[in-house]
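Residues per chain, in single letters:
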Amino acid sequence: MGGLGVRWTLHGDGKTPAPGAVVRPDERLTWPRTFGLGAQHVVAMFGASFVAPVLMGLDPNLAIMMSGVATVIFLLATRGRVPSYLGCSLSFVGVAATIRASGGTSATVTGAVLVVGAALFLVGLLVQRFGARIIHAAMPPVVTGAVVMLIGFNLAPVTASTYWPQDQWTALLVMLFTGLAVVCLRGFFSRIAIFLGLVFGYVLSWVLDLVFGKIHSPAGGGDAVDHWRLDLSGVAHADWIGLPSFHAPAFEWSAILVALPVVIALVAENAGHVKAVGEMTGDSLDDKLGTAISADGAASMLSTAVGGPPNTTYSENIGVMAATRVYSTAAYWAAACFALLFGLCPKFGAVVAAIPGGVLGGITVILYGMIGLLGAQIWLNAKVDLRNPLNLVPAAAGIIIGVGGVSLKISDNFEIGGIALGTLVVITGYHTLRAFAPAHLKTQEPLLDSGTSAYDEKEAAGPKPGSGGQG
C-alpha cells in the first residue's frame, strides 16, 4: 500500500511540529489533527468550488461529491507525492454560459467538458513522454496568458446582465466586503475571503428581506418581478441524506469547440500547482507533471460522465499548506472523505443553490476579474515583451475577439466565436507570424510561464554522455 502513497509515518509526536519544521507528504500528524486539517482544506475552497457549479447550472451536491472522488484519483495516480485537493474549475463558467446562451442544456455542457477532460488526459500523456518542453512548443507564455485572460474577461457580461441587476446594492456591498477581506485579512482567513463574502452576502440578503421585504428586480436574468432576495424554500424541502442528481452527457460539436480552449488554462493551473508544491516541499516534482495533468483529465472525465462539473487543482489549498507547513497527503484523503459526506446531504446542496443573485453579482465582479488577470500575471512572470509586435498582435486580436464575443460564420450550420475563435486566433496567429517574422523579433528566448516545470539547464545543453534522455 505504501507504493500507492497511502502509508504515512508519524511526524515527531504527531501533535505540534517544531518551529520551522515541515510535515512532508509521506508523514502525518495524529488522526484527529489530520482530519481537522482535511476539513480546513474543504472550507478553503468553499468560495470558488461551490460557486462554480451554481454558476454553471449544475448540482452543487454532485460537484462536491465528485471533487472528493477526483481528489482520490489524483492522490493515487501521483502515488501520494503531490498533495492536492481537486475542486470544480472556474475556467469553465464562461464556457457553460456561452453554451446555455445558444440553447444548450446541462447535458450539453457536461458533454463538451468531458471532451476537454479527454484532451487534458492526452496532453498529460504527451508530457510524460516528451517532458514539459512540449507545453511550450505549442503554448508559450504569450499564448497561455492571452487565453487565460480572454477566458476570464469573457465572463464580464454574465455578471453585468445576469447577477448584478438582481440586487445592485447587495452586489455593491458584497463586492466591497470581499475586496476588504482579500486585502486586509491575514493568513488562512485571507484564503477564504470569497467564502466569507458569500456568508456576508447571505446574512445581508436575509436582513434586507426582513427590513424591506421583497425586491422588484430581474430574477435570474429574466423580467423584473417581486421576489425574495434569499429564498430558502428549497432548503426546507430538501432531505438530510440522499444521492445527488445524475445525468448523462450529450455531445454537440459547437459546444465542444467552445470548451476546448480551456485545456490551455487547465494545463497552466496543474503545472503551477505541481511547481509550487515542489518548491514548498523541496522535492523536484517535474517527473510528476504529466501524471498530474493526466489524473486531472481522468477525474474530470469521470465527473462529467455522471453529470458533474470538471475539476482542477486549487490555489486556495496551496495557501493552506503554506500557512500550516503541513503537506501530508493524509490530510487530503481526509478532505476527500468530508467532500463525499457533504455530497450525500441534499440539504447542504440546497443551501448552496440558494445563494442570492445579488451576492453572486458582488462575488463574480472580483472573481471573474481575478481569473482574467491571472493571464497578465503569466506575462509578468515570464517577462513577455508586449512591445514586440510578434507578441502584441496575436494577443491583442485574440483577446478582443474572445471578450467581445466576435463570431465567424463558416456555413449555415456552423459558427465559431467568442472563447473558441479568440483562442484559435492567438495560437495560430502567434505561430504563423513567428514563422514569417524577421530574425530580430525572435531573439528573445521563450520563457516558461508561471508554474510550468523549469527546464533542466543540463538537459537544455544536451544529455551527458552515457545518460538516458527524458522518457
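Notes on the structure in this doc start here. (Residues numbered from 1 in each chain as written. Predicted model: local features only at pLDDT ≥ 70, side-chain atom pairs only at ≥ 80, totals over all residues. Heavy atoms only, no water.)

1. Brief notes about the overall build of the chain
Turning to step 1, where the next piece is worked out: Scanning the chain for helices and strands turns up 22 helices and eight strands.
Turning to step 2, where the next piece is worked out: Counting the 471 residues in the chain, one finds 51% classified as buried.
Turning to step 3, where the next piece is worked out: Of all intrachain contacts in the chain linking residues separated by at least 6 positions in sequence, the fraction that spans at least 24 positions is 79%.
Turning to step 4, where the next piece is worked out: For the chain, the accessible surface area stands at approximately 20300 Å², while carbon and sulfur atoms represent 66% of it. (Helix = DSSP H or I, 4+ residues; strand = E, 2+ residues; numbered from the N terminus. Buried < 20%, exposed > 50% of the residue type's maximum accessible area, 1.4 Å probe, protein only. Contact = heavy atoms within 4.5 Å. Areas by Shrake-Rupley, 256 points an atom, 1.4 Å probe, with all protein chains shown as cover.)

2. Observations concerning the pattern of salt bridges
Turning to step 1, where the next piece is worked out: Enumeration over the complete set of coordinates arrives at three salt bridges.
Turning to step 2, where the next piece is worked out: One salt bridge connects Asp167 with Arg229, and the closest N-O pair in it is separated by 3.2 Å. Of this pair, Asp167 sits in the loop between helix H8 (156–163) and helix H9 (168–184) while Arg229 sits in the loop between strand S5 (224–227) and helix H12 (233–237), and the two are 62 residues apart along the sequence.
Turning to step 3, where the next piece is worked out: The partner of Arg229 in a salt bridge is Asp209, with the nearest N and O atoms 3.0 Å apart. Highlighted residues: Arg229 in the loop between S5 and H12 and Asp209 in helix H11 (residues 193–212), separated in sequence by 20 residues.
Turning to step 4, where the next piece is worked out: Judged by its relative accessible area of 14%, Arg229 is buried.
Turning to step 5, where the next piece is worked out: A cluster of three or more residues bridged by salt bridges with shared partners is formed by Asp167, Asp209 and Arg229. (Salt bridge = Lys/Arg side-chain N within 4 Å of Asp/Glu carboxyl O.)

3. Digging into the side chain of Asp167
Turning to step 1, where the next piece is worked out: Residue classification places Asp167 among the buried residues on the basis of a relative accessible area of 7%.
Turning to step 2, where the next piece is worked out: A polar atom in the side chain of Asp167 sits 3.2 Å from the side chain of Arg229.
Turning to step 3, where the next piece is worked out: When sequence neighbours within four positions are dropped, the list of residues in contact with Asp167 reads Leu208, Ile215, Arg229 and Gly358. (Polar contact = N/O pair within 3.5 Å; in protein donor to acceptor, adjacent residues only side chain to side chain.)

4. Digging into the environment of Val277
Turning to step 1, where the next piece is worked out: Of note, Val277 is situated in helix H14 (residues 262–281).
Turning to step 2, where the next piece is worked out: Through-space distance from the C-alpha of Val277 to that of Val82 is 7.0 Å; in sequence the pair is 195 residues apart.

5. Quick notes on helix H7 (residues 141–153)
Turning to step 1, where the next piece is worked out: Look at H7: 18 Å from first C-alpha to last across 13 residues, which is about the 18 Å you get at 1.5 Å a residue.
Turning to step 2, where the next piece is worked out: Burial runs high along H7: 12 of the 13 residues are buried.
Turning to step 3, where the next piece is worked out: Looking at H7, one finds that the buried residues are Pro141, Val142, Val143, Thr144, Gly145, Ala146, Val147, Val148, Met149, Leu150, Ile151 and Gly152. (Expected span 1.5 Å × (residues − 1).)

6. Considering the packing of aromatic side chains
Turning to step 1, where the next piece is worked out: Evaluated as defined, the whole model comprises four aromatic pairs.
Turning to step 2, where the next piece is worked out: Ring centres of Trp31 and Phe35 lie 6.1 Å apart, and the angle between their planes is 50°; on these two criteria the pair is classed as tilted. Here Trp31 and its partner Phe35 are both found in helix H1 (residues 31–44), four residues apart, which amounts to about one turn of the helix.
Turning to step 3, where the next piece is worked out: Relative accessible area serves as the criterion here: at 36%, Trp31 is assigned to the partly exposed category.
Turning to step 4, where the next piece is worked out: Ring plane angle 80° and centroid distance 6.2 Å describe the contact between Phe35 and Phe338, whose orientation is recorded as edge-to-face. With a gap of 303 residues between them, Phe35 in helix H1 and Phe338 in helix H17 (residues 329–343) connect regions that are remote in the sequence.
Turning to step 5, where the next piece is worked out: According to the relative accessible area criterion, Phe338 is partly exposed, its value standing at 26%. (Phe/Tyr/Trp six-rings, centres within 6.5 Å; stacked < 30°, edge-to-face > 60°.)

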